[in-house]
Amino acid sequence: PCDPEIISNRALERGLNQLGTLGSGNHFLEIGIIEKIYNEKVAKHFLLDKDHITVMIHSGSRGLGYQVCDDFLKRMGTAVKNLGIEIPDRQLACAFINSKPGEDYILGMNCAANYAWANREIITHFTRQTFEEVLKLSPASLGMRLVYDVCHNIAKIEEHEINGKVQKVCVHRKGATRAFPAGHKKLSPLYKNVGQPVIIPGDMGTNSYILVGGPNSLKETFGSTCHGAGRVLSRTRAKKSCRGRAIDRELEDKGIFVLAEGRSTLAEELPEAYKDVDEVVDVVHKAGLSLKVAKIRPVGVIKG
C-alpha cells in the first residue's frame, strides 16, 4: 500500500518534471551485446542469445525519492533519540515498523517506488521509439522484450526462515537486489521454474551480467545478491584521480561510445572507481547466491 498524502510538497515539486529522466550519479542507459552464455536453458527462458543486443536502464525515483528519504531521516532522527539508540551516522536513523513513523515511511517509500516504476516505463518507451526511428523497424519486429524490471534500495515485507522458524520480516536491500531461487512462491509464473532474473551492471568500461537467483540466497542472504560491483573510490577521489584525462576518448578507444551531460559525471563514474565486476560476479556465483546466465559487453552508454 501507499499513501500520497504522506509525501511532502517539496518531494512532489522535485519529482514533477523528472519523469522519463535518468538522473545523475551512477544512473545510466547502456546498449550492449551478449558476448557469452553460461546457462543455455535459463538464457533461452529469458529470451537471451549470443550476439543479441540488450538495453539496460538504471534509474529510480529521482528527486521525489531522494526527498522522501531526506524527510523521513529528519523525522526518524527524532524518533531514534526518543528510543535512546545511539547511531554513528544520521543516515542510519530508524524507527520500529509498527510505530507511526515506521508505518508512514513504508507508505511514503512505496509511493517513491511507484514513481520509479513509472519513470523506467517512460524511459523504456522512449528507448523503443528511438530504435524504431533509427532502424525503421517496429519494436515488435526487432524483438524488443522486457526481461525484468526490479527495484533496489527498497524495503520489502517478506517471510524468511530464522533460527528454524518462518517469520515475517522487513528486508531493506541497500546496494542489493532480490535473488529468489526457482520455486519461490513470490516469483511470477513466468520465472517460477527457473528463478528470478538478476541484473548486475559493471562500470562504463566493463562487462555487465545477467544472473538468476541461486539456491543459497534464501539461507545466506535473505534472498539477496549484490546490485553492482561496488565503489572503491569516492566521487571526490575519482574526480581528482582523472584530472587531465579524457575518459570519453579512453572508452571510445575500447569501442564504447559514451554520452554524458558533463565531464564531471564521467569523472565520478570512471572505471577505476569500481571493483572488478568479473570478480564480484564470480564470488556470488560460487557462493550460490545468484548464478551466471549471460555476459554483456557495452557498446554505448548514456549518463544523466
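Data block above holds the structure.
What you see is a predicted model; the values in this text were computed from it and never measured.

(A) The packing of helix H3 (residues 62-82) against helix H4 (residues 100-135), seen in detail. Interhelical geometry of H3 versus H4 gives an angle of 170° and a closest axis separation of 9 Å. As judged from the angle between their axes, H3 and H4 are roughly antiparallel. Between H3 and H4, the residues in contact are Arg62, Leu64, Gly65, Val68, Phe72, Arg75, Met76 and Ala79 and Lys100, Pro101, Gly102, Asp104, Tyr105, Gly108, Met109, Ala112, Tyr115 and Asn119, respectively. Tallied by class, residues from the contact of H3 with H4 come to 10 nonpolar, four polar and four charged.

(B) View of the layout of surface pockets. Space inside the second largest pocket adds up to approximately 380 Å³. Surrounding the second largest pocket, 20 residues form its lining, Trp117, Cys151, Ile154, Ala155 and Lys156 being those nearest its centre. Secondary structure elements with two or more residues in the lining of the second largest pocket: H4, strand S3 (154-162), strand S4 (165-173) and strand S5 (176-178). Split by residue class, the lining of the second largest pocket holds 13 nonpolar, three polar and four charged.

(C) Focus on H4. Helix length check: H4 (36 residues) gives 53 Å between terminal C-alpha atoms against 52 Å at 1.5 Å per residue, within 8%. The N-cap of H4, judged by a side-chain oxygen 3.2 Å from the amide nitrogen of glycine 102 a few residues on, is serine 99. Positive phi appears at lysine 136, one or two residues downstream of H4, with a value of about 60°.

(D) Molecular detail of unusual backbone geometry. Positive phi outside glycine occurs at asparagine 153, with the angle close to 55°. A positive phi angle is found at asparagine 163, which is not glycine, with a value near 55°. Mapping asparagine 163 onto the fold places it in the loop between S3 and S4.

Rules used throughout
- Residue numbering note: each chain is counted from 1, following its sequence as written.
- Residues qualify for local features only when their pLDDT is at least 70, as the model is predicted, and side-chain atom pairs are given and counted only at 80 or more; totals for whole chains, interfaces and linings, by contrast, use all residues.
- Just so you know, side-chain values use all the structure's heavy atoms and leave hydrogens and water out.
- Every angle, taken between N-to-C directions, lies between 0 and 180 degrees, and every axis is a line fitted to C-alpha atoms, over only the stretch in contact when it is a helix.
- Secondary structure elements follow DSSP: runs of H or I of four or more residues count as helices, runs of E of two or more count as strands, with numbering from the N terminus.
- Roughly parallel refers to an angle under 35 degrees, roughly antiparallel to one over 145, roughly perpendicular to one between 65 and 115, and oblique to any angle outside these ranges.
- Contact between two residues is taken to exist if any of their heavy atoms lie within 4.5 Å; hydrogens are not considered.
- Throughout this entry, Asp, Glu, Lys and Arg are counted as charged residues, while Ala, Val, Leu, Ile, Met, Phe, Trp, Tyr, Cys and Pro are counted as nonpolar. The remaining residues, Gly among them, count as polar.
- Within this scheme a cavity is a closed region of a 1 Å grid, computed over the protein atoms alone, that accommodates a 1.4 Å probe without allowing it to escape, whereas a pocket is open but has protein on both sides within 12 Å along at least five of seven lines; lining residues each have an atom within 4 Å of a point.
- Grid points are joined across faces, edges and corners, and a volume is the space filled by probe spheres set on the points.
- An expected span of 1.5 Å times one less than the residue number is assigned to each helix.
- As used in this structure description, the phrase polar contact means that two N or O atoms lie within 3.5 Å; if the pair is within protein, one of them must be able to donate a hydrogen and the other to accept it, and residues adjacent in sequence are counted only when both atoms belong to side chains.

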